[in-house]
Amino acid sequence: MPGIDKLPIEETLEDSPQTRSLLGVFEEDATAISNYMNQLYQAMHRIYDAQNELSAATHLTSKLLKEYEKQRFPLGGDDEVMSSTLQQFSKVIDELSSCHAVLSTQLADAMMFPITQFKERDLKEILTLKEVFQIASNDHDAAIHRYSRLSKKRENDKAKYEVTEDVYTSRKKQHQTMMHYFCALNTLQYKKKIALLEPLLGYMQAQISFFKMGSENLNEQLEEFLTNIGASVQNKTGLVSSTWDRQFYFTQGGNLMSQARGDVAGGLAMDIDNCSVMAVDCEDRRYCFQITSFDGKKSSILQAESKKDHEEWICTINNISKQIYLSENPEETAARVNQSALEAVTPSPSFQQRHESLRPVGQSRPSTARTSSSGSLGSESTNLAALSLDSLVAPDTPIQFDIISPVCEDQPGQGKASGQGGRRTNPFGESGGGTKSETEDSILHQLFIVRFLGSMEVKSDNNPDVVYETMRQILAARAIHNIFRMTESHLLVTCDCLKLIDPQTQVTRLTFPLPSVVLYATHQENKRLFGFVLRTSGGRSESHLSSVCYIFESNNEGEKICDSVGLAKQIALHAELDRRASEKQKEIERVKEKQQKELSKQKQIEKDLEEQSRLIAASSRPNQASSEGQFVVLSSSQSEESDLGEEGKKRESEA
């Protein structure tokens, strides 16, 4: 009833029908509150029980992960990397279990305690007072009924007194009980809001405290660890079971759409603008290719029906990734890109022999192969551009499209750079054995996922244009020869070297000493492409230094990788300067120490000469010294010299 917020206690003695009607409304409201609070109590109790179960299950999971290294699997060998990884997971999950236990305690104190108190104390008090009031009201009605049946003809003073006393007692009891009942119902109207909000407030505060503890435990080191694990699991598709569904795929603008059999329309599968696509081997299936989004967070593996469809899909997605479809004439733009690629690249002789049949008949390359990208500059600017490009990259330079492991073949110019090939590396930053890695002392360890596009020898290593030109030639050569397969590796950047690590076996494929990396740059438009120039001894002629440019594709992290390499070189430079300063300081200290020794030696010689001159002067006056009774005290060295002199005189006299 709107406008009425309490029962009038002053009308309890009168006990009018209006008061009883108003009491009925408050009793109905109390019953509704009781039913609702019981349901809310059950729901919150389920939350509390689930949190306790989650805490216990998390603790059990951590315990089982710790016991993994003690298990003996019949088909499993000792995998130290897996054991160390699960140990790290067990530590993290154990910390989460502690957080869940704290959350359970906070839920018990801040959520369950208030609602339990309200349910067990206030609501039960209402029920008890209702029963007592009902009994008192019934007793009062019975007393009134007996008083009403007193005989008018046969009056009995004793009976009348007893009935009157009974009416008085029952009415007094009903009045007191009714006042207590009214007070409890009025109090319930004020307490119901607090009783409803207090456990909810406690629940939210407990959750906020839990999330704060989680954010404190989830630091950058843990995020990097989880990123590395996620990348490793994503690459090791053989360890993950998957299901294959046959669907119809088509492109719409910059989107890859999919439509299952029986569907009316297709749906968005993924955004392929600025994506990367490459052929992969997956579960011993043919014609598989992987599409990775520009941020590297989403990837899909698809299988074509034939080799032709496989190559067409990869070419189409590559063109869409470069956003050729946004131009006014996409077909003409794609043809122009392919034509420029045909005119720009100089494949190796082996590729010329292997793919001679793939060249168009009318596309013979002139002697001056390289042309300027701006055709309106005239023939003179074209020749200058060709000369400048020839000064960057040597003509007829072979292109290497795959990584040759140093274990299998000693590549010229890479023998010294890959001396550490074949060594197993732990990508999680922990040592797998007792021996220390050569990069353990490095203060910088950053891991990136890269795909090798190719490498070729260059003539210059002091201009970033050489990296851009190498990118252009390698990408054009891949397009001409339909080479879509790329070798994926983990690039480890330290203060000593750059390492290419096999993500499957964790074996180091190539090692590039950081001092030999003289130039590095990312593509001006496509930030996923980056490269660096390595200066090594050897090459085509062993008498001079050669420079090789390596080109890679990353998950939109080209600038980050170049910044990491720059930071590593700065740290190495400061370390080298500190080492030289330390050596110079040590050299100065050695010179000072040497000078100090020479000075002390010179002082000792002067002291000895002075002592000898005093002895000679004393020996020239022997009679005077003996007559006066004076004695000369000789040092141990001088006494030895005098003894040697006397022995020499005796020998001369004997002779």
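Residues numbered from 1 in each chain as written. Predicted model: local features only at pLDDT ≥ 70, side-chain atom pairs only at ≥ 80, totals over all residues. Heavy atoms only, no water.

For the structure shown, the criterion picks out 21 salt bridges. Residue Asp 29 is joined to Lys 192 by a salt bridge in which the shortest nitrogen-to-oxygen separation is 3.8 Å. Here Asp 29 is found in helix α1 (residues 17–66), whereas its partner Lys 192 is found in helix α3 (residues 157–217), with 163 residues between them in sequence. Across the pair Arg 472 and Glu 469 runs a salt bridge whose closest N-O atoms are separated by 2.6 Å. Highlighted residues: Arg 472 and Glu 469, both in helix α9 (residues 465–480), separated by three residues, approximately one helical turn. The partly exposed category is assigned to Arg 472, whose relative accessible area is 33%. (Salt bridge = Lys/Arg side-chain N within 4 Å of Asp/Glu carboxyl O. Helix = DSSP H or I, 4+ residues; strand = E, 2+ residues; numbered from the N terminus. Buried < 20%, exposed > 50% of the residue type's maximum accessible area, 1.4 Å probe, protein only.)

Let's shift gears to the packing of aromatic side chains. Aromatic ring pairs: the centre-centre distance and the angle between the two ring planes describe each pair. In this structure the tally under the stated criterion is eleven aromatic pairs. Aromatic pair Phe 512 and Phe 532: ring centres 5.2 Å apart, planes at 70°, arrangement edge-to-face. Placement of Phe 512 in strand β10 (residues 508–513) and of Phe 532 in strand β12 (residues 529–537) is noted, with a sequence separation of 20 residues between them. As far as burial versus exposure is concerned, Phe 512 and Phe 532 are alike and both buried. Geometrically, the ring pair formed by Phe 530 and Phe 552 is stacked, given 5.6 Å between the ring centres and 20° between the ring planes. With Phe 530 in strand β12 and Phe 552 in strand β13 (residues 545–554), the pair connects residues that are 22 residues apart, well separated along the chain. Across the pair, Phe 552 and Phe 530 agree in class, each one buried. Each member of the aromatic cluster is reached from another via a ring pair, and the members are Phe 452, Phe 512, Phe 530, Phe 532, Tyr 550 and Phe 552. (Phe/Tyr/Trp six-rings, centres within 6.5 Å; stacked < 30°, edge-to-face > 60°.)

Before going further, it helps to examine the confidence of the model for the protein. Looking at the protein, pLDDT values average 76 and 74% of them are 70 or higher. Looking across the protein, the model is least confident in helix α7 (residues 349–354), with a mean pLDDT of 39, and most confident in α1, with 91. Note on residues 427–439: pLDDT is under 50 here. Beyond four places in sequence and across chains, it has 30 contacts. Counting interchain partners and residues more than four positions distant, the pLDDT-below-50 stretch residues 625–635 has six contacts. (pLDDT = per-residue confidence, 0-100. Contact = heavy atoms within 4.5 Å.)

Turning next to the sheet that holds β12. In space, the seven strands of this open sheet follow the order β10-β9-β8-β7-β13-β12-β11, with antiparallel pairing throughout. Across the chains shown, the open sheet's two edge strands, defined by having one partner strand only, are β10 and β11 (517–522). For this sheet, the mean angle separating the axes of adjacent strands, direction not counted, is 30°. Of the strands in this sheet, β7 (446–458), β11, β12 and β13 touch α9, which is tilted by about 85° from β7. (Pairing = 2+ DSSP bridges. Axes fitted to C-alpha atoms, helices over the stretch in contact; angles between N-to-C directions.)

Moving on, we get to empty space enclosed by the protein. Considering all chains together, one arrives at one cavity of 30 Å³ or more under this definition. Lining the largest cavity we find Tyr 520, Phe 530, Gly 531, Phe 532, Ile 561, Cys 562 and Val 565. Elements supplying a minimum of two residues to the lining of the largest cavity: β12 and α10 (558–619). Grouping the amino acids of the lining of the largest cavity by side-chain chemistry returns six nonpolar, one polar and no charged. (1 Å grid on protein atoms, 1.4 Å probe; cavity = no way out; pocket = protein on both sides within 12 Å on 5 of 7 lines; lining within 4 Å. Points joined across faces, edges and corners; volume = space filled by probe spheres on them. Nonpolar A, V, L, I, M, F, W, Y, C, P; charged D, E, K, R; others polar.)

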